[in-house]
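Summary of the model geometry
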Amino acid sequence: MTRVSFIVCLDKNLFLNRNKFSSVCSRQPCCAFHHKYRYPIMASQDDREQQLQQISRIIHGYTGARTLMTAIQLSVFTHIAQGNHSVEQIARAADANSRGISKLLDALVGMEFLKKDKPNHYELLPCSARFLVKSSPEYVGAMHENDDHWIAWSNLNNVIKTGQPCMTVDQEKKAEEFFPHLVKSLHQMSLGKANRLAEKLLEGRQDVALEVIDIACGSGVWSIPLAEKSNKVRVTAQDFPKILELTKSYVRHHEVDKQFNYLAGDLKTVDLGEQKYDIAILGNIVHSEGEKSSKTLFHKLAQALKPQGKVVVIDMFPNNERTGPAYPLLFALNMLVNTTEGDTFTFEEYRQWFIEANIPHVSMLEVAPEFSVIVAQLA
Ligand SMILES: C[S@@+](CC[C@H](N)C(=O)[O-])C[C@H]1O[C@@H](n2cnc3c(N)ncnc32)[C@H](O)[C@@H]1O
């Protein structure tokens, strides 16, 4: 396993023309993100202005992304929530230059993260109050509190020329430094979908005892809702030891401690046992593991599952032709800059790998209109 990261295009409305979407992905159901992040196609080849605008919108996307990341890193939203409203107050709280802060605040107003109803008085809008203030229970800024993702993507040219990622965290120690930030943001971003998935997986099975293993569980976001919705569910949460300390805090917060056990270690070497589990969850891990390691893991899971047990894969899936949607294809580049083996994989690739691992029944399950997962079931 190597270093993994995650792209978030928080302000898609600024940069994408949402009225003119490509339809390339309609051939195959895919991930939760693709409808939101599909890039627009040209409305008419003759429309020069429109084509130039679309190029400009995408190529200048970095300005909005960098502005928001800087605001997160300087805790601008948190300082405002704490009662600092003028340029001078916010600059003092952020230990920053007033002119710089003034330009940053106005840009955030323009991007609709802040409002300025009177001169030199900045206030949070509901979106930033809810998701960008550090003390908010729904804070999603953790993964952008450092520049790891930004630096990795800045090296894209070189990575493509050499085929080598700029930095990796395949050792447990580095992984344990890197993942907590990512996992905290992922928890908030995935919780709504995780609740929907839990409802689907438990349909008609609320009273059935179910053993679940959540591989590379992070916060436990995909298994906690299962435990919340059925007290018959028992979860084994698997990850590196230090990450499991973080998992435990989420499990305690959701008051499902009694239903959780922990299995610390590297998923490549950890013993998963035999015929122990009804459901194995693979949330956002196949893309960073890559083909070889994932195939080995699928074989281990075939042993670890009870008869008719299921593997549930939550990930980003390009269509079988790899022509779209844009988001999973961009995410493959994200894996290129951050890992040695990572990629995004098509449904057909998953299907073949599961069949090779003797998990023969493979299907795409639509959980919600913009969220599908792969389910593979033992005979
Ligand atoms: C992208 S996060 C996904 C977390 C969670 N499954 C989710 O979907 O929110 C990847 C997780 O995999 C864990 N991980 C990465 N490589 C691993 C390995 N070799 N063994 C065990 N856990 C690993 C990381 O510690 C991290 O918690």
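Counting restarts for each chain, with residues numbered from 1 along the sequence as it is written. Given that this is a predicted model, residues contribute local features only at a pLDDT of at least 70 and side-chain atom pairs are listed and counted only at 80 or more, while totals for whole chains, interfaces and linings are drawn from all residues.

1. Considering the UniProt feature "active site" (unreviewed entry) in the protein chain
The residues that UniProt annotates with the feature "active site" (unreviewed entry) are H287. With respect to the helices and strands, the residue H287 is situated in helix α14 (residues 286-304). When neighbours within four sequence positions are excluded, H287 is seen to be in contact with D315, M316, F331, M335, G342, D343 and T344. UniProt positions are given in the numbering used here, feature names are shortened, and annotations may be inferred rather than shown by experiment. To qualify as a helix, a DSSP run of H or I must reach at least 4 residues; to qualify as a strand, a run of E must reach at least 2; elements of each kind are numbered from the N terminus. Here contacts are defined at the residue level, using C-beta atoms placed from the backbone and a cut-off of 7 Å between them.

2. Description of the pairing of strand β6 (residues 277-283)
For β6, the tally of buried residues reaches 7 of 7 residues, placing the bulk of the element in the interior. Strand pairing is assigned whenever DSSP detects at least two bridges linking the two strands. Judged from the 4 bridges that link them, strand β3 (residues 210-215) and β6 form a sheet pairing that is parallel. Note on β6: the bridge partner recorded for I213 is A280. Pairing of β6 with strand β7 (residues 305-314) involves 6 bridges; the strand directions are parallel. Bridge pairing in β7 places G283 opposite I314. Once you follow β6 into α14 and on to β7, the crossover reads as right-handed. Three exposure classes are used, based on other C-beta atoms lying within 10 Å of a residue's own C-beta, which is placed from the backbone: buried for 20 or more, exposed for 12 or fewer, and partly exposed in between. The path from the first strand over the helix to the second decides the hand: if it runs clockwise while the strands point away from the viewer, the crossover is right-handed.

3. Observations regarding the nonpolar core
What we call a nonpolar core is a set of buried Ala, Val, Leu, Ile, Met, Phe, Trp, Tyr and Cys residues whose membership is set by joining through C-beta atoms within 7 Å. Formed by 67 residues in total, the largest nonpolar core has its most connected members in V212, I215, A280, L282, V312 and V313. Among the elements that line this core, the one with the most residues is helix α11 (residues 172-202), at 10 residues. Sequence-distant contacts of L282, defined by excluding residues within four places in its chain, comprise I215, V311, V312 and V313. In terms of nonpolar packing, the next biggest core, distinct from the first, is built from 21 residues, L68, I72, V87 and V133 among them.

4. Side note on the packing of α14 against helix α16 (residues 347-356)
Only C-alpha atoms enter the line fits that serve as axes; for helices the fit covers just the stretch in contact. Angles between N-to-C directions range over 0 to 180 degrees. One can describe the packing of α14 onto α16 by two numbers: an axis separation of 9 Å at closest approach and a directional angle of 45 degrees. The angle between the axes of α14 and α16 places the two elements in the oblique class. α16 is crossed by α14, and the crossing has right-handed handedness. Contact residues: α14 offers S294, K295 and F298, while α16 offers W353, F354 and E356. Under this scheme an angle from 65 to 115 degrees is roughly perpendicular, one under 35 degrees roughly parallel, and one over 145 degrees roughly antiparallel; angles in between are oblique. Should the near helix be turned anticlockwise from the far one by less than a right angle, the crossing is left-handed, and should it be turned clockwise, the crossing is right-handed.

5. Overview of the site of the ligand
Around the ligand, 22 residues are found, and the nearest of them are A216, G218, L267, G283 and N284. Residue contributions to the shell around the ligand peak at 6 residues, all from α11. Using a C-beta atom placed from the backbone, a residue is scored as near a molecule or strand whenever that atom is within 6 Å of it.

6. With respect to the packing of helix α4 (residues 61-73) against helix α7 (residues 98-110)
Between two packed helices, both the angle of their axes relative to each other and the distance between the axes serve to describe the pair. Across the interface, α4 lies against α7 with an axial gap of 10 Å and an inter-helix angle of 120 degrees. Classified by the angle their axes make, α4 and α7 are oblique. For α4 against α7, the interelement crossing comes out left-handed. Here α4 contributes T67, T70 and A71 to the contact with α7, which in turn contributes L104, A107 and L108. The class makeup of the residues in the contact of α4 with α7 is 4 nonpolar, 2 polar and no charged. Under the grouping applied here, Gly and all other residues not named as nonpolar or charged are polar, the nonpolar ones being Ala, Val, Leu, Ile, Met, Phe, Trp, Tyr, Cys and Pro and the charged ones Asp, Glu, Lys and Arg.

7. Observations concerning the sheet that holds β3
Overall, mixed pairing links the 7 strands, which are arranged β5-β4-β3-β6-β7-β9-β8 in an open sheet. The two strands at the open ends of the sheet, each matched to only one other strand, are β5 (260-264) and β8 (361-368). Here the strands of the sheet are splayed against their neighbours by 20 degrees on average, with no regard to which way each runs. Pairing of β8 with strand β9 (residues 371-377) involves 7 bridges; the strand directions are antiparallel. When the sheet's bridge partners are listed, S363 is paired in β9 with V375. Seen against the sheet, α16 touches β7, β8 and β9 and runs at an angle of roughly 135 degrees to β8.

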